[in-house]
Amino acid sequence: MHELAFPLLVGLIALALAFDFLNGLHDAANSIATVVSTRLLSPMAAVIFAAAGNFAAYWLVGLHVANTIGKGIIDKDVVTPAVVFGALIGAMFWNIVTWLKGIPSSSSHALIGGLLGAGVMHGGFDAIESKKTIETFVAIFMSPMIGFALAMLFVLLTSWIFRGFLPRKAEGVFKGMHLLSSAAYSISHGGNDAQKTMGIITVLLYSTGYLKGEFHIPQWVVLSCYLAISLGTMSGGWKIIKTMGTKITPLNHHTGFCASSAGSIVVFGASAMGIPVSTTHAITGSVIGTGAARKASAVRWGVAQRVVMAWFITIPASAGVGAAFYLLTRLF
């Protein structure tokens, strides 16, 4: 157990909730880019809609991902307040850089990178919990590909099902389906992303002796993290919304429904398995899949390539910053 004065504990929890808020701000585009770009909802209505979906996960999604982050990436008995500090700063730094550039990178993998960098710097490579870490790295590559394949399948399948409908009637049906799929994606986003911060706060409480008994996620931590990410989502992330909703490939209600549906299946599936998947990767792969289902030239591959490059450097970049800030705490 590591001693930590209560005011410093409060400060670290506040920093974690600030990351959670930034996560919602950064990832607002994940669940609302399609409804904003197709003008199904106004930007203000869309962010409120997405925030409500994020918070609804409180009642609808289990805490498997929170437990993975808390004890499945870095050994919970190795984690110190300095490791938590380095992990959060590493993740927040990368989130801010990509947010300012309008690049839809992964807040989830930024946090995992920061945690790995600070954790390895403190306890060496033996501190890594290999099983869930390997599953997470596999999901980095598999989630966008699964989203891509599902979105293509949904576009082709729904095009065949509605082939005899008048365009106006089909558009009306897809409007309603698009709204429902966007709600599902918002819930899946809250149920996966907010839980990463829950895991960080809980392992901090555990390592400092403020969490009594077995490792478990306190209800006040669950509630505060869902509230923080919902408030962040309400603040919007307009640069990334523009990239997701218009720059990669043009979207309509049909393709918006297919992208949101494919993305929500990927994220709900990962959450059920306790894998902290990237909601950004899932929806971006799905959006690209809807364009590729029509024709390859419908996708702006230059923009897509820029997004994919950000995926590859997110964990190393945030790990480096996390390790650096962990070392900085050693000076004091």
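Look a little higher up for the structure.
So, here's what we can say about the structure. Please read these numbers as outputs of a predicted model, since none were measured by experiment.

The rules we used
Residues numbered from 1 in each chain as written. Predicted model: local features only at pLDDT ≥ 70, side-chain atom pairs only at ≥ 80, totals over all residues. Heavy atoms only, no water. Helix = DSSP H or I, 4+ residues; strand = E, 2+ residues; numbered from the N terminus. Rg over C-alpha atoms; globule rule 2.2 N^0.38 Å. Buried < 20%, exposed > 50% of the residue type's maximum accessible area, 1.4 Å probe, protein only. Contact = heavy atoms within 4.5 Å. Core = buried A, V, L, I, M, F, W, Y, C linked by side-chain atoms within 4.5 Å. Expected span 1.5 Å × (residues − 1). Bend = angle between axes of the 7 residues up to and from the residue. Salt bridge = Lys/Arg side-chain N within 4 Å of Asp/Glu carboxyl O. Patch = residues over 30% accessible without salt bridge, like charges linked within 9 Å, V, L, I, M, F, W, Y side chains within 5 Å. Areas by Shrake-Rupley, 256 points an atom, 1.4 Å probe, with all protein chains shown as cover. Axes fitted to C-alpha atoms, helices over the stretch in contact; angles between N-to-C directions. Parallel < 35°, antiparallel > 145°, perpendicular 65-115°, else oblique. Left-handed = near helix turned anticlockwise from the far one by under 90°. Nonpolar A, V, L, I, M, F, W, Y, C, P; charged D, E, K, R; others polar.

Our next topic: the overall build of the chain. If you tally the helices and strands in the chain, you get 12 helices and 0 strands. Along the chain direction, N to C, the helices and strands of the chain fall in the order α-α-α-α-α-α-α-α-α-α-α-α. For a compact globule of 332 residues, the expected C-alpha radius of gyration is about 20 Å, and the chain comes in at 19 Å, within 12% of that figure. Principal axes of the C-alpha set define a box for the chain whose edges measure 70 × 35 × 30 Å.

Mapped onto the fold, Ser 286 is located in helix H11 (residues 279–294). Assessed through its relative accessible area of 0%, Ser 286 is described here as buried. Discounting residues that sit within four places of it in the chain, Ser 286 has contacts with Gly 147, Phe 148, Ala 151, Ala 259, Ala 262 and Gly 263.

Turning our eyes to something else, we now look at the nonpolar core. Ranked by size, the top nonpolar core spans 52 residues in total, and within it Leu 88 and Met 198 carry the most contacts. In terms of residue count, helix H4 (residues 81–101) provides more of this core than any other element does, 9 residues in total. In contact with Leu 88, not counting residues within four places along its chain, are Leu 12, Leu 15, Ala 16, Phe 19, Leu 111 and Ile 200. Leu 251, Ala 262, Ala 282 and Ala 293 belong to the second-largest nonpolar core, a separate cluster that totals 23 residues.

A word on helix H7 (residues 167–207). Compared with an ideal rise of 1.5 Å per residue, which puts 41 residues at 60 Å, H7 spans 59 Å between its outermost C-alpha atoms and is within 8% of the ideal. Gln 195 marks where H7 bends most, by close to 25°.

Further remarks concern the pattern of salt bridges. Under the criterion given, the structure shown has 3 salt bridges. Note that Glu 135 is salt-bridged to Lys 131, the shortest N-O span being 3.0 Å. Note that Glu 135 and Lys 131 are positioned in helix H6 (residues 130–161) at a spacing of 4 residues, about one turn of the helix. Exposure remark for Glu 135: the relative accessible area of 26% places this residue in the partly exposed category. Judged by relative accessible area, Lys 131 falls into the exposed class, the value being 57%. We note a salt bridge from Lys 196 to Asp 193, for which the minimum N-O separation is 2.6 Å. A residue pair is termed a helical-turn pair when its members lie 3 or 4 positions apart in one helix, as Lys 196 and Asp 193 do in helix H7 at 3 residues. Both residues of the pair, Lys 196 and Asp 193, belong to the buried class. Residues participating in the shared-partner salt-bridge network are Lys 131, Lys 132 and Glu 135.

Okay, a nonpolar patch on the surface next. A cluster of nonpolar side chains, contributed by Ile 134, Val 138, Phe 141, Met 142, Met 145, Ile 146, Phe 312 and Ile 313, occupies part of the molecular surface with about 750 Å² of accessible area. Mapped by element, the contributors of at least two residues to the nonpolar patch are H6 and helix H12 (301–330). Per-element tally for the nonpolar patch: the top contributor is H6, with 6 residues. Tracing the chain through its elements places Met 142 in helix H6.

Our next topic: the packing of H4 against H7. At a minimum axis distance of 9 Å, the contact between H4 and H7 shows a crossing angle of 165°. Classified by the interaxial angle, the pair formed by H4 and H7 is roughly antiparallel. Our pair here, H4 against H7, has a crossing hand that is left-handed. Only Ile 200, Val 203, Leu 204 and Ser 207 of H7 make contact with H4, whose side of the interface consists of Pro 81, Val 84 and Leu 88. Looking at the contact of H4 with H7 residue by residue, the class counts come to 6 nonpolar, 1 polar and no charged.

Moving on, we come to the packing of H7 against H11. Two quantities define a packed helix pair, namely the angle between the axes and the distance from one axis to the other. The N-to-C vectors of H7 and H11 enclose an angle of 150°; their axes lie 10 Å apart at closest approach. Overall, the two elements H7 and H11 adopt an arrangement that is roughly antiparallel. On H11, the residues touching Tyr 185, His 189, Asn 192 and Asp 193 of H7 are Thr 279, Thr 280, Ala 282 and Ile 283.

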